[in-house]
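Tertiary structure, described
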Amino acid sequence: MPAFLLRIVLTSLFLVVFCDGHSTEQSFTIAVIPKGTTHEFWKSINAGAVKAQQELTAGGTKIDLIWKGPLREDDRDQQIQVVENFMTRRVSAIVLAPLDSKALVRPVHTAVQAKVPVVIMDSDLKSDEYVSFVATDNYKGGQLAGEDMGKLLGGKGNVILLRYQVGSASTEAREAGFLDALKAKYPDIKVISSDQHAGATRELAYQASQNVLNRYGREANGVFCPCEPPTIAMTKALRDLGLAGGKVKMIGFDAGSQSVTDMKNGDVQALVVQNPLLMGYLGVITAVKYLKGEKVEKRIDTGVVLVTPENMNQPEIKELLYPPLDKYLK
Amino acid sequence: MCSEADETRWPPFKWRGLALLKPPVNSHSDASSRRSATSRKLINLLGPFLGLLLVISLFSLSPSVRPYFLTGANFKIILTQTVIVGVGTLGMTIIIISGGIDLSVGSVVALTSVVGATALVKGCSAWVAGSLAIGVGAAIGLINGLIIGGLRMMPFIVTLGMMGVARGTAKWLSGNQTVSSPESPLNNIMELKEPMRLLPLPLGVWVALALAVAMSIVLRNTVFGRYIFAIGSNEAAAKLCGIRVQFQKGIIYTVAGIFFGLAGLMQLSRLTQGDPTVAIGLELDVIAAVVIGGASLSGGTGTILGSMIGALTMAVLRNGSNQMGWPTYMQEIIIGIVIMIAVGVDKLRQGGLRGRNG
């Protein structure tokens with residue numbers, strides 16, 4: 001028995017020495033912290049991060065990827081805890097999608113003090129201590145939606161804006177872009193409701209949609225929702241009332257598989273689509289670049305496209321609508 | 001205290017741990033029953049510590065996590081993350097010992113954080129804003145206590161109602177928005193300075209510790225403290241002994257409300273904003289901490305120390321599972337299981353001892 005144990009010890013020692021001898025290449029632990037983990041959007045980000053990990057590992061830089069959302073989604077305090085816990089875990093870098101542009105400022109400050117660099121993705125942070133901000137130009141995305149709404153309605157009519165959540169910088173920028181574009185180019189379009197927030201889950205968004213439509217549904221000609229849960233929920237609510245299918249023009253944001261199906265069926269007239277896969281990918285790549293001492297841009301735009309039933313079958317759009325998640329997430 | 005005669009009757013010292021689990025059935029002498037009383041006290045005191053140590057050693061097993069997990073810097077973070085639940089626990093412990101429950105903690109924390117932030121925005125000084133927040137917490141506690149004591153209603157239902165009232169008021173007061181608080185000393189109570197070292201701990205941690213010590217003394221050594229236990233053990237008997245039960249209940253919920261208000265202030269400091277949607281479900285964390293700490297939901301037992309350890313255990317679990325890279329759902333499952341085990345062990349321990357020793 002002791003001989004057997006000895007052999008194990010020797011083997012593991014040998015392995016340790018062996019591995020050490022060959023690990024001349026660099027190795028980093030990157031923690032990626034999304035806002036939540038259940039929406040498809042975050043799965044695409046996860047896939048992008050894994051893609052970056054695979055490419056970097058193939059290129060000789062070993063990456064340990066930790067993917068960890070807050071325990072309760074949309075709970076700022078929980079996300080702060082996750083950031084703090086990874087800071088003391090001494091990860092090489094953190095890639096963070098902050099739930100709040102202000103509440104996360106101090107944890108990021110503390111992490112930077114502890115020499116853990118932070119790359120921000122998706123949503124802005126009111127701080128300049130981060131390495132880089134990798135995100136969609138959300139304001140531009142909102143403008144695209146506003147311009148398309150103007151075209152769809154022929155420059156006049158009533159529209160509803162169902163906002164997402166208070167304090168979420170990315171969706172607030174989209175909402176502002178949408179309203180500004182309408183105001184600048186289509187002054188005859190009236191925004192009849194823009195003060196309702198959908199909330200974080202599909203169920204809450206569905207209730208909010210029903211309530212808004214109950215009040216304004218008869219007068220509305222168009223609706224804009226600034227992200228995945230309200231888009232899906234609003235489309236469902238429109239269908240319930242028999243207003244879907246183009247009677248009320250529906251423009252949404254993000255390519256959730258349900259939204260894409262809704263567009264195929266004609267219930268959604270346009271979707272503003274980001275590239276979350278690229279965002280997750282560039283988030284990790286940028287962090288590693290910075291760790292290696294290379295220069296990185298302070299702001300990296302990951303692009304935004306307006307997808308309509310007409311262009312949804314083009315190959316490059318198709319890849320956005322059906323991101324190859326299975327290739328990276330098992 | 002231990003005489004020779006006792007040593008012969010009992011197993012030698014090193015076996016005492018075992019002996020505690022199986023005390024001799026027919027030992028009726030004064031000394032041994034006193035001994036078993038102290039040992040029971042010892043077990044009750046150590047129980048929650050064992051859970052905490054178990055959890056800490058669980059995470060220390062992993063060689064990739066240990067060098068970061070067992071550091072002063074990490075425990076500074078864990079302590080800071082425990083403060084809000086910990087301060088809430090102080091209030092919840094006295095409520096649960098008195099046989100009650102309070103489900104409105106999370107909402108009160110949200111409301112008082114909004115009140116504090118709004119006061120700061122309106123130009124109040126940090127002291128005024130802080131007192132206002134704590135005052136609102138106390139006022140809600142007083143209302144709870146008055147309804148529960150005065151109208152003799154079930155605490156579960158009253159505080160369930162208050163949960164909605166306080167949450168709604170928070171949203172109303174803040175206009176459904178987060179209220180950014182301007183720079184003020186309040187924002188620094190929970191600030192982590194020098195993140196790579198254990199000290200200095202944030203002020204909030206010291207405040208929580210000091211209050212815990214104070215509450216322990218109040219519970220053990222004051223008339224009010226003993227009344228709480230009396231009411232929780234047997235309300236009818238307490239009343240017959242001349243305790244003004246309903247009046248005391250009012251005080252208990254008000255004192256607890258002060259702690260919940262303070263927890264809200266800590267939350268405000270941590271987020272640097274008043275957030276009407278924060279701390280949803282916090283009440284369950286707080287109740288779990290008290291229960292892990294050895295208190296019984298049927299009242300009459302519980303300690304401040306145990307509850308604080310319970311709160312710490314949950315923070316360690318969360319911190320450790322983050323660092324192990326466990327997925328979120330595993331974390332939820334594990335915390336759930338730990339709560340059940342903690343309560344189960346507690347039940348076994350008490351049941352076993354009581355069954356044999358009468």
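What counts and what doesn't
Residues numbered from 1 in each chain as written. Chains lettered and ligands numbered in written order. Predicted model: local features only at pLDDT ≥ 70, side-chain atom pairs only at ≥ 80, totals over all residues. Heavy atoms only, no water. Pairing = 2+ DSSP bridges. Helix = DSSP H or I, 4+ residues; strand = E, 2+ residues; numbered from the N terminus. Axes fitted to C-alpha atoms, helices over the stretch in contact; angles between N-to-C directions. Buried < 20%, exposed > 50% of the residue type's maximum accessible area, 1.4 Å probe, protein only. Right-handed = clockwise from strand over helix to strand, strands pointing away. pLDDT = per-residue confidence, 0-100. Contact = heavy atoms within 4.5 Å. Left-handed = near helix turned anticlockwise from the far one by under 90°. Nonpolar A, V, L, I, M, F, W, Y, C, P; charged D, E, K, R; others polar. Phe/Tyr/Trp six-rings, centres within 6.5 Å; stacked < 30°, edge-to-face > 60°. Lys NZ or Arg CZ within 6 Å of the ring centre and 35° of its normal.

**Description of the sheet that holds strand β2 (residues 62-67) of chain A**
All names here are of chain A. Reading across the sheet, the six strands line up as β2-β1-β3-β4-β5-β11 and stay open at both edges, with parallel pairing between neighbours. The sheet terminates laterally at β2 and β11 (299-301), the two strands that pair on one side only. The average undirected angle you get between the axes of adjacent strands in this sheet is 20°. Direction of pairing for strand β1 (residues 27-33) relative to β2: parallel, over a ladder of six bridges.

**Overview of the environment of B:G336**
When you line up the elements, B:G336 lands in helix α15 (residues 328-357). Since its relative accessible area comes to 26%, B:G336 is described here as partly exposed.

**A look at the pairing of strand β3 (residues 93-96) of chain A**
Residue and element names in this part refer to chain A. Of the two faces of β3, the one holding A93 and V95 and the one holding I94 and L96 are both buried throughout. Pairing between β1 and β3: four bridges, direction parallel. Across the sheet, residue I30 finds its bridge partner in β3, namely A93. Strand direction decides the pairing type here: β3 and strand β4 (residues 118-121), joined by three bridges, are parallel. Across the sheet, V95 pairs through a bridge with V119, a residue of β4. After leaving β3, the chain enters helix α4 (residues 105-113) and then returns to the sheet as β4, a path that is right-handed.

**Considerations on the confidence of the model for chain A**
Residues and elements named next belong to chain A. Summing up the model confidence of chain A, the mean pLDDT is 87 and the portion of residues at 70 or higher is 92%. For chain A, per-element mean pLDDT is lowest for helix α1 (residues 2-22), which scores 49, and highest for β3, which scores 96. For residues 13-24, every residue scores under 50 in pLDDT, and the model assigns this stretch zero contacts once sequence neighbours within four places are set aside.

**A closer look at the packing of helix α7 (residues 126-150) of chain B against helix α8 (residues 155-173) of chain B**
The description of two packed helices rests on the angle between their axes and on the distance between the axes. All names here are of chain B. Between α7 and α8, the shortest axis-to-axis distance is 10 Å and the interhelical angle comes to 145°. Considering the relative orientation of α7 and α8, their crossing is right-handed. Contacts from I140, I143, N144, I147 and I148 of α7 reach α8 at P155, V158, T159, M162 and A166. Of the residues that constitute the contact of α7 with α8, the class distribution is eight nonpolar, two polar and no charged.

**Some thoughts on the packing of aromatic side chains**
Here the structure, examined in full by the defined rule, presents seven aromatic pairs over all chains. Measuring from centroid to centroid gives 5.0 Å for A:F41 and A:W42, while their planes differ by 85°, and the two rings are edge-to-face. Look at A:F41 and you get buried, because its relative accessible area is 9%. Classification of A:W42 as buried rests on a relative accessible area of 6%. Each member of the aromatic cluster is reached from another via a ring pair, and the members are B:F59, B:F69, B:F75 and B:W326. The positively charged end of A:K51 is found above the aromatic ring belonging to A:Y281, 4.9 Å away from the centroid. Seen from the ring of A:Y130, A:K298 lies directly overhead, with NZ or CZ sitting 4.9 Å from the centre.

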